[in-house]
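Next come the chains, spelled out residue by residue.
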Amino acid sequence: VQLVESGGGLVQPGGSLRLSCAASGLAFSSYAMSWYRQAPGKERELVATITTTGGDTNYVESVKGRFTISRDNPKNTVALQMNSLKPEDTGMYFCNAKHRVIALEYWGQGTQVTVSS
């Protein structure tokens, strides 16, 4: 199983980035997908989750209205559109896959997002 994130980088406050996660080796449509982030010296934080069909999404309060999670099951991808970025959004962003029934969970290697002027 592989989860490969891309799309991170350096952006100014107020800017946008779109993260993507390409999954392989798993029955993608059976997994809820999430994005987590971890800032230096802080614990990993759940940012956004999308259900297997994409019918429901949840966000941490601090990103509501700015971030949008989406998935494309035929392409085995999940994305995180991040708008109005703030310095506090800086961190390593990780893609996570969690099976909807059995105890299977996978992580990607992460992609760095830095919001700074």
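Residues numbered from 1 in each chain as written. Predicted model: local features only at pLDDT ≥ 70, side-chain atom pairs only at ≥ 80, totals over all residues. Heavy atoms only, no water.

**A short note on the sheet that holds strand E7 (residues 67-72)**
Here is step 1 of the chain: Here four strands make up an open sheet; going across it, the order is E1-E3-E8-E7 and the pairing antiparallel. The open sheet has two edge strands, strand E1 (2-6) and E7, and neither has a second partner. Strand-to-strand twist across the sheet, computed as the mean angle between neighbouring axes with direction ignored, equals 15°. (Pairing = 2+ DSSP bridges. Helix = DSSP H or I, 4+ residues; strand = E, 2+ residues; numbered from the N terminus. Axes fitted to C-alpha atoms, helices over the stretch in contact; angles between N-to-C directions.)

**Points about the layout of surface pockets**
Here is step 1 of the chain: Roughly 210 Å³ of internal volume is contained in the largest pocket.
Here is step 2 of the chain: Contributing to the lining of the largest pocket are 13 residues, with Arg37, Lys42, Glu45, Glu88 and Asp89 lying nearest its centre.
Here is step 3 of the chain: Residues belonging to the lining of the largest pocket are distributed by class as follows: two nonpolar, three polar and eight charged. (1 Å grid on protein atoms, 1.4 Å probe; cavity = no way out; pocket = protein on both sides within 12 Å on 5 of 7 lines; lining within 4 Å. Points joined across faces, edges and corners; volume = space filled by probe spheres on them. Nonpolar A, V, L, I, M, F, W, Y, C, P; charged D, E, K, R; others polar.)

**Digging into the packing of aromatic side chains**
Here is step 1 of the chain: This structure, assessed with the given rule, holds two aromatic pairs.
Here is step 2 of the chain: For the ring pair tyrosine 31 and tyrosine 106, a centre distance of 6.0 Å and an interplane angle of 45° mean the geometry is tilted. With tyrosine 31 in strand E4 (residues 31-38) and tyrosine 106 in strand E10 (residues 105-107), this pair connects stretches of sequence that are 75 residues apart.
Here is step 3 of the chain: Looking at arginine 44, its charged tip hangs above the ring of tryptophan 107, at a distance of 4.6 Å from the centre. (Phe/Tyr/Trp six-rings, centres within 6.5 Å; stacked < 30°, edge-to-face > 60°. Lys NZ or Arg CZ within 6 Å of the ring centre and 35° of its normal.)

**Examining the nonpolar core**
Here is step 1 of the chain: Met33, Trp35, Phe67, Val78, Leu80, Met82 and Tyr93 are the most contacted members of the largest nonpolar core, which has 26 residues in total.
Here is step 2 of the chain: Of all elements in the fold, only strand E3 (17-24), E4, strand E5 (45-50), E7, strand E8 (77-82), strand E9 (91-99) and strand E11 (111-115) reach the threshold of two or more residues within this core.
Here is step 3 of the chain: With four residues, the top contributor of residues to this core is E3.
Here is step 4 of the chain: Leaving out residues up to four positions away in the same chain, methionine 82 has contacts with Gly15, Ser16, Leu17, Leu19, Arg66, Phe67, Tyr93 and Val113. (Core = buried A, V, L, I, M, F, W, Y, C linked by side-chain atoms within 4.5 Å. Buried < 20%, exposed > 50% of the residue type's maximum accessible area, 1.4 Å probe, protein only. Contact = heavy atoms within 4.5 Å.)

**Describing the environment of valine 4**
Here is step 1 of the chain: Tracing the sequence through the fold places valine 4 in strand E1.
Here is step 2 of the chain: For the pair valine 4 and glycine 110, spaced 106 residues apart in sequence, the C-alpha separation works out to 7.7 Å.
Here is step 3 of the chain: In this structure valine 4 touches Ser20, Cys21 and Ala22, once residues within four positions along its chain are discounted.

Functional significance is not addressed by these values, which are geometric in nature.
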